[in-house]
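Overview (structure and organization)
Here's the letter readout for the chains.
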Amino acid sequence: MLRHTFSHIYKRYRRIIRPVLVGLVALGILFYFYRGFDPKMEQWSKIIDPVLGLLTLLVAGFVWFDEMSREWEEKLPKRLTVIFKLQEGEGYREVMRCEEAYLTDSGDIRQWGQQIGSQMTGGKRLDFQPFIAHDEPRVKRDFKLYYITFFLTKLPDAQSPQEEKLFDFIKTKGLVWKMQHSNPPTKYSSYENEHHP
C-alpha cells in the first residue's frame, strides 16, 4: 500500500521531485567538502540559509509550473485512438484501428471505443475479452490523445456479400480509420480507399 502511494506521488510530481533531489544531493556534497575547510562549521550558516531559501523558491516555482501545465493539458481538446486485436491461437493480432477520433470526456473512453468498433463493422455487436488495455495519454501538438485497446474473441458473422468483403479485409489487411479534423470532420478509411478508388 505504502509503495503504491509513493509510486503515485512520484508519477504525479516527478517534474518537481527530480530537481529537488538533485539540489539536496548537491547540498550534501557541498557540506561534505566544506566541512574539511571549516571544521567548526562557523561559516556554514552563511551558506545554508541562502541555499535553502533558493531551494524553497525553486520548489514553489516547480509546483506552480506543474499546476499550470496540468491546467493547460486539461483544457486541450481530447482525441482517442482505438485499437482492436483479434485472438489468434495464444496471441492477438491488430485487425482494426481508429486514429484520433473526437472524445468529449475521458470518462467515455470505454463506451465510445466500443461504439467506434461497432461502426467500423457496419453496426455489428462485437465480442470482447473481459479486459482492456489503456496507455498513458500524450499531448500531441494542440490536443491530448488517449489510447485504448480491446481484445476480440471473434469477428461478427457476415450477413451479406458486402459484409463478407469487409470482414475478409479486416482479417487479412486490417481496417484503419483516420479522422481528418477539418470542418466538418471527415474520415479516411483504408477499406473505402481500396474498394472505391
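Described below are features of the structure shown in this document.

Conventions we followed
Residues numbered from 1 in each chain as written. Predicted model: local features only at pLDDT ≥ 70, side-chain atom pairs only at ≥ 80, totals over all residues. Heavy atoms only, no water. Helix = DSSP H or I, 4+ residues; strand = E, 2+ residues; numbered from the N terminus. Buried < 20%, exposed > 50% of the residue type's maximum accessible area, 1.4 Å probe, protein only. Contact = heavy atoms within 4.5 Å. Expected span 1.5 Å × (residues − 1). Patch = residues over 30% accessible without salt bridge, like charges linked within 9 Å, V, L, I, M, F, W, Y side chains within 5 Å. Areas by Shrake-Rupley, 256 points an atom, 1.4 Å probe, with all protein chains shown as cover. Salt bridge = Lys/Arg side-chain N within 4 Å of Asp/Glu carboxyl O. Polar contact = N/O pair within 3.5 Å; in protein donor to acceptor, adjacent residues only side chain to side chain.

Considering the overall build of the protein chain
Along the backbone of the protein chain there are five helices and six strands. If you list the helices and strands of the protein chain from N to C, you get α-α-β-β-α-β-β-α-β-β-α. Counting all 197 residues of the protein chain, 29% fall into the buried class. Long-range contacts, defined here as pairs at least 24 residues apart, represent 57% of the contacts in the protein chain between residues at least 6 apart.

Describing helix 3 (residues 109-120)
In a regular helix each residue adds 1.5 Å, so twelve residues correspond to 16 Å; helix 3 covers 16 Å between its end C-alpha atoms and thus fits that length. Within helix 3 the residues assigned to the buried category are I109, G113, I116, G117, S118 and M120. Among the structural elements, strand 1 (78-88), strand 2 (91-103), strand 3 (127-140), strand 4 (143-154), helix 4 (161-172) and strand 5 (175-180) are those in contact with the buried residues of helix 3. Just past helix 3, the residue G122 takes up positive phi, approximately 75°.

Remarks on a nonpolar patch on the surface
Residues L54, L57 and L58 make up a contiguous nonpolar surface patch of about 310 Å² in total accessible area. As for its position among the elements, L54 is in helix 2 (residues 44-75).

Comments concerning the environment of K144
Considering the arrangement of structural elements, one finds K144 in strand 4. A distance of 3.4 Å separates the side chain of K144 from the side chain of E73, its partner in a polar contact.

A short note on the pattern of salt bridges
According to the stated counting rule, one finds ten salt bridges in the structure shown. Where R79 meets E100, a salt bridge forms, and the shortest distance between an N and an O atom there is 3.9 Å. Of this pair, R79 sits in strand 1 while E100 sits in strand 2, placing them 21 residues apart in sequence. E100 shares its class with R79; the two are buried. Salt bridges sharing common partners tie together E73, E74 and K144.

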